[in-house]
Amino acid sequence: MATDFELRIKADKRLEVAVPRNFSTVCFRISPIQIRGENHVPDDKTWINNLNAKLLESVNESGKIFMTHAVNGGMYVIRIAIGASFTENRHINLAWEVVKEHVDEAMLLAAENDMLHNLCEHHH
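These figures come from a predicted structure and were not determined experimentally.

Q: Could you give an account of the overall build of the chain, naming the residues involved and the relevant values?
A: Helix and strand content of the chain: four helices and four strands. Its helices and strands in sequence order give the chain the pattern α-β-β-α-α-β-β-α, from N to C terminus. In the chain, which comprises 124 residues, the proportion classed as buried is 38%. Partitioning the intrachain contacts of the chain with sequence separation of at least 6 by distance along the chain shows that 53% fall at a separation of at least 24.

Q: Please give an account of helix H3 (residues 45-61) that cites residues and values.
A: With 17 residues, H3 extends 24 Å between its outermost C-alpha atoms, agreeing within 8% with the 24 Å of an ideal straight helix rising 1.5 Å per residue. Regarding H3, the residues found buried are Trp47, Ile48, Asn49, Leu51, Asn52, Leu55, Leu56, Ser58 and Val59. Directly after H3, the chain includes glycine 63, whose backbone phi takes a positive value near 75°.

Q: Lay out the sheet that holds strand E3 (residues 68-72) with the relevant residues and their values.
A: Reading across the sheet, the four strands line up as E1-E2-E4-E3 and stay open at both edges, with antiparallel pairing between neighbours. The two strands at the open ends of the sheet, each matched to only one other strand, are strand E1 (15-22) and E3. The average undirected angle you get between the axes of adjacent strands in this sheet is 35°. Together, strand E2 (25-30), E3 and strand E4 (75-81) form the strand contacts of H3, whose direction differs from that of E4 by roughly 25°.

Reading the values: the criteria
Residues numbered from 1 in each chain as written. Predicted model: local features only at pLDDT ≥ 70, side-chain atom pairs only at ≥ 80, totals over all residues. Heavy atoms only, no water. Helix = DSSP H or I, 4+ residues; strand = E, 2+ residues; numbered from the N terminus. Buried < 20%, exposed > 50% of the residue type's maximum accessible area, 1.4 Å probe, protein only. Contact = heavy atoms within 4.5 Å. Expected span 1.5 Å × (residues − 1). Pairing = 2+ DSSP bridges. Axes fitted to C-alpha atoms, helices over the stretch in contact; angles between N-to-C directions.

In short, geometric facts, not functional conclusions.
Structure below.
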């Protein structure tokens with residue numbers, strides 16, 4: 001089932017598997033390239049890490065699923081452990097729907113932040 005969740009992450013261009021899957025744990029994050037486009041990869045790791053931290057916070061605040069995080073080489077990653085004996089496909093589907101919904105919100109936040117940044121640059 002962790003493989004199924006990992007494949008969903010890989011299929012969504014907004015996300016990336018951040019660390020190779022280890023048994024039942026999938027580590028992922030919003031892809032920095034997708035935040036601002038391939039020609040403008042944000043180099044501010046703190047900003048990218050904060051965006052992913054906000055994603056994790058909003059997912060957990062939903063109360064529907066709980067995920068944790070890790071920092072790997074300075075990169076903030078979201079971790080989901082899938083493998084409890086009573087886990088069913090419906091749980092994976094629910095987790096994926098919650099993640100997608102909150103990624104949508106995080107991407108809107110990133111786009112708004114980028115627009116504000118561009119406005120500030122043009123006024124200086």
